[in-house]
Amino acid sequence: MPKDSYLVGLIGSGIGPSLSPALHEREADRQGLRYLYRLIDIEVLGVPPEEVGDLVRAARDLGFDGLNITHPCKQEVIPHLDALAPQAEALGAVNTVVFEEDGRAVGHNTDVTGFAASFARGLPDAPLERVVQLGAGGAGAAVAHATLTLGAERVTVVDAMPERSCGLADSLNRHFGEGRALAATPDRLAELLAGADGLVHATPTGMAAHPGLPFPAGLLHPGLWVAEVVYRPLETELLRTARALGCATLDGGGMAVFQAVDAFRLFTGREPDSARMLADIAELAGAVTAPK
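Residues numbered from 1 in each chain as written. Predicted model: local features only at pLDDT ≥ 70, side-chain atom pairs only at ≥ 80, totals over all residues. Heavy atoms only, no water.

A.B. asks: Please explain the overall build of the protein chain as it appears in this structure.
C.D. replies: The number of helices and strands found in the protein chain is 11 helices and 12 strands. Taken over the C-alpha trace, the protein chain has a radius of gyration of 18 Å; the compact-globule value for 292 residues is 19 Å, and the two agree within 12%. Across its three principal axes, the protein chain shows a C-alpha extent of roughly 50 × 35 × 35 Å. For the protein chain, the residues scored as buried account for 52% of the 292 residues in total. Taking all contacts inside the protein chain whose residues are at least 6 apart in sequence as the whole, residues at least 24 apart take part in 69%. Accessible surface, the protein chain: about 12000 Å² in total, of which carbon and sulfur atoms supply 53%. (Helix = DSSP H or I, 4+ residues; strand = E, 2+ residues; numbered from the N terminus. Rg over C-alpha atoms; globule rule 2.2 N^0.38 Å. Buried < 20%, exposed > 50% of the residue type's maximum accessible area, 1.4 Å probe, protein only. Contact = heavy atoms within 4.5 Å. Areas by Shrake-Rupley, 256 points an atom, 1.4 Å probe, with all protein chains shown as cover.)

Now the structure itself:
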């Protein structure tokens, strides 16, 4: 039987502006739960990502029910967990850790379903023949899986670290079939975007702690849709620039909500109300999450 009191947290770097605490706590309040969501910022603590295992163990010892995991720890945390849910194992990235009654720490990934639900809601008619994705980290693995699950014909993964883009493309091809994913280096971004239907941006650039554009604005063109993973702020410089050119855009708010919906369910065993949580993030961020 579900409890009525929960302690959860978020581990990541530069997470002070995160809306996750408010999203979770507001929904918990409406369900009559005592629910405390704490931020565990490795930047503030002076802890490197490689030591995330110590924080996970400390949280378990302190009686936490679970943790969300964000940049740059989604992959670093895996060796420190007792088990992985199938989707997290396939992705090689974890964004949710549940401490089970027997003390085991089990890793899940709710970013895949979160991005897919947001995309289907916000860009339902977007062409998906040729998609370029910038970023092959923890979030990148999830959104690439989601994009191919949504029916993308081919995703080209671009990352400054070739081993990451190649590794992700290989993993995607094993899972979805040969030729569905390609790897490329940033110096090819101009030619790739020129012939693409859409761009998925999955790097930290644009976050409050990492402002700016991930590439020169001149590479964007009106025939491109642009989907953002960053949600704080909801309107990143990339989205603002893309909208000014007439691109269809999708901010990261929907993904943030739908992954939180799934995480809340994992932590509590209760069904959250996604419509209420979408309204929450629009209010909290001071902007509507629907594409403009």
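A.B. asks: I keep staring at the packing of aromatic side chains and nothing clicks. Help me out?
C.D. replies: The way to describe two aromatic rings as a pair is by their centre distance and the angle between their planes. Overall, the coordinates contain 4 aromatic pairs when judged by the stated rule. Note on Phe115 and Phe119: the rings are 5.9 Å apart at their centroids and 40° apart in plane angle, and the pair reads as tilted. With Phe115 and Phe119 both in helix H5 (residues 111–122) and 4 residues apart, this pair spans about one turn of that helix. On the basis of relative accessibility, which here comes to 1%, the residue Phe115 falls in the buried class. With relative accessibility at 4%, the residue Phe119 sits in the buried group. Here a set of aromatic residues connected by ring pairs shows up, and it is made of Tyr6, Tyr35 and Phe264. (Phe/Tyr/Trp six-rings, centres within 6.5 Å; stacked < 30°, edge-to-face > 60°.)

A.B. asks: Help me understand helix H10 (residues 253–268) in this model?
C.D. replies: The periodicity of an α-helix, 3.6 residues per turn, causes residues three or four positions apart to be oriented the same way. The end-to-end C-alpha distance of H10 is 22 Å, a good match for the 22 Å that 16 residues give at a rise of 1.5 Å each. When you tally the buried positions in H10, you get 14 out of 16 residues, the bulk of the element. Just past H10, the residue Gly269 takes up positive phi, approximately 75°. (Expected span 1.5 Å × (residues − 1).)

A.B. asks: Explain the sheet that holds strand E7 (residues 130–134) to me, please; I cannot follow it from the model alone.
C.D. replies: Paired through backbone hydrogen bonds, the strands of a sheet run either parallel or antiparallel to each other. Reading across the sheet, the 6 strands line up as E9-E8-E7-E10-E11-E12 and stay open at both edges, with parallel pairing between neighbours. The two strands at the open ends of the sheet, each matched to only one other strand, are strand E9 (181–184) and strand E12 (249–250). Relative to E9, strand E8 (residues 154–158) is paired through 4 bridges, and the arrangement is parallel. Across the sheet, residue Val157 finds its bridge partner in E9, namely Ala183. Across the sheet, helix H6 (residues 138–149) lies against E7, E8 and strand E10 (198–201), angled at about 170° from E7, the strand it touches most. The strands touched by helix H7 (residues 162–176) are E7, E8 and E9; relative to E9, the strand with the most contacts, the crossing angle is about 175°. (Pairing = 2+ DSSP bridges. Axes fitted to C-alpha atoms, helices over the stretch in contact; angles between N-to-C directions.)

A.B. asks: I tried to follow the pattern of salt bridges on my own but got confused; where do I start?
C.D. replies: A pair can form between side chains of opposite charge whenever their charged atoms are brought close. Here the structure, examined in full by the defined rule, presents 19 salt bridges. One salt bridge in this structure joins Asp54 and Arg57, with 2.7 Å as the shortest N-O distance. On the criterion of helical spacing, the pair formed by Asp54 and Arg57 is a turn pair, its members being 3 residues apart in helix H3 (residues 52–61). The salt bridge involving Glu235 is made with Arg240; its shortest N-O contact spans 3.7 Å. (Salt bridge = Lys/Arg side-chain N within 4 Å of Asp/Glu carboxyl O.)

A.B. asks: Is there a simple way to think about the pairing of strand E11 (residues 225–228) in this case?
C.D. replies: Neither face of E11 is open: one carries Trp225 and Ala227, the other Val226 and Glu228, and all of them are buried. In this structure, E11 lies alongside E12, joined through 2 bridges in parallel fashion. Bridge pairing in E12 links Val226 to Thr249. For the crossover from E11 across helix H9 (residues 237–245) to E12, the handedness is right-handed. (Right-handed = clockwise from strand over helix to strand, strands pointing away.)

A.B. asks: Looking at this structure, how should I read the environment of Ala90?
C.D. replies: Along the polypeptide, Ala90 turns up in helix H4 (residues 86–91). Separated by 82 residues in sequence, Ala90 and Leu172 place their C-alpha atoms 9.3 Å apart.

A.B. asks: Just checking my understanding: could you explain the sheet that holds strand E5 (residues 96–99) for this structure?
C.D. replies: Strands sit in the order E2-E1-E3-E5-E6-E4 across an open sheet of 6 strands; the sheet is mixed. At either end of the open sheet lies a strand with only one pairing partner, and these are strand E2 (34–41) and strand E4 (83–84). Bridge count between E5 and strand E6 (residues 105–108): 4 bridges; the pairing is antiparallel. Across the sheet, residue Val97 finds its bridge partner in E6, namely Gly107. Strands in contact with H10 are strand E1 (5–12), E2, strand E3 (66–69), E5 and E6; relative to E5, the strand with the most contacts, it is inclined by about 10°.

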